[in-house]
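Secondary and tertiary structure notes
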Amino acid sequence: EKKTVNFCNKEIAWYKEELDKIKKIKVFNSKSNYFLIKSYSKSAEDLKEGMIQNHGILIRDCSNFKGLDKSFFRINIKSREENIKMLQALKKELE
């Protein structure tokens, strides 16, 4: 159990660091299994559509959450391999 918590904390830190390198988004700190992200270039709806159609990856459109607008979305924190795929897909969709 301690190893799992340690892995999760390390993966969250690594993933956040990698996401922060993407200039067209702002990533909010997280202590859960997902990151809330604000996009400065595409709406969450357009991004969600592109991610599904072009990469087979689903993101959560958060535009209907109280206090958030059409630029907010959420991604899950998964295995390193899946997180790398998400990073690559996000970068392509935000180009």
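Presented here is a report on the structure given in the accompanying data block.

1. So, the layout of surface pockets
- By volume, the largest pocket amounts to about 270 Å³.
- If you go around the largest pocket, you meet 13 residues; those closest to its centre are I57, L58, N76, K78 and M86.
- Contributions of two or more residues to the lining of the largest pocket are made by β4 (72-76) and α3 (80-94).
- If one sorts the elements of the lining of the largest pocket by residue count, α3 sits on top with four residues.
- Its residues assigned to classes, the lining of the largest pocket shows six nonpolar, two polar and five charged.

2. Examining α3
- Counted at 1.5 Å a residue, the expected span for α3 with its 15 residues is 21 Å, and the 21 Å between its end C-alpha atoms agrees.
- Within the span of α3, buried status applies to N83, M86, L87, A89, L90, E93 and L94.

3. Considerations on the environment of D46
- In this fold, D46 is placed in helix α2 (residues 44-55).
- Spatially, the C-alpha atom of D46 lies 17 Å from that of Q88, the residues being 42 residues apart in sequence.

Parameters and conventions
Residues numbered from 1 in each chain as written. Predicted model: local features only at pLDDT ≥ 70, side-chain atom pairs only at ≥ 80, totals over all residues. Heavy atoms only, no water. 1 Å grid on protein atoms, 1.4 Å probe; cavity = no way out; pocket = protein on both sides within 12 Å on 5 of 7 lines; lining within 4 Å. Points joined across faces, edges and corners; volume = space filled by probe spheres on them. Helix = DSSP H or I, 4+ residues; strand = E, 2+ residues; numbered from the N terminus. Nonpolar A, V, L, I, M, F, W, Y, C, P; charged D, E, K, R; others polar. Expected span 1.5 Å × (residues − 1). Buried < 20%, exposed > 50% of the residue type's maximum accessible area, 1.4 Å probe, protein only.

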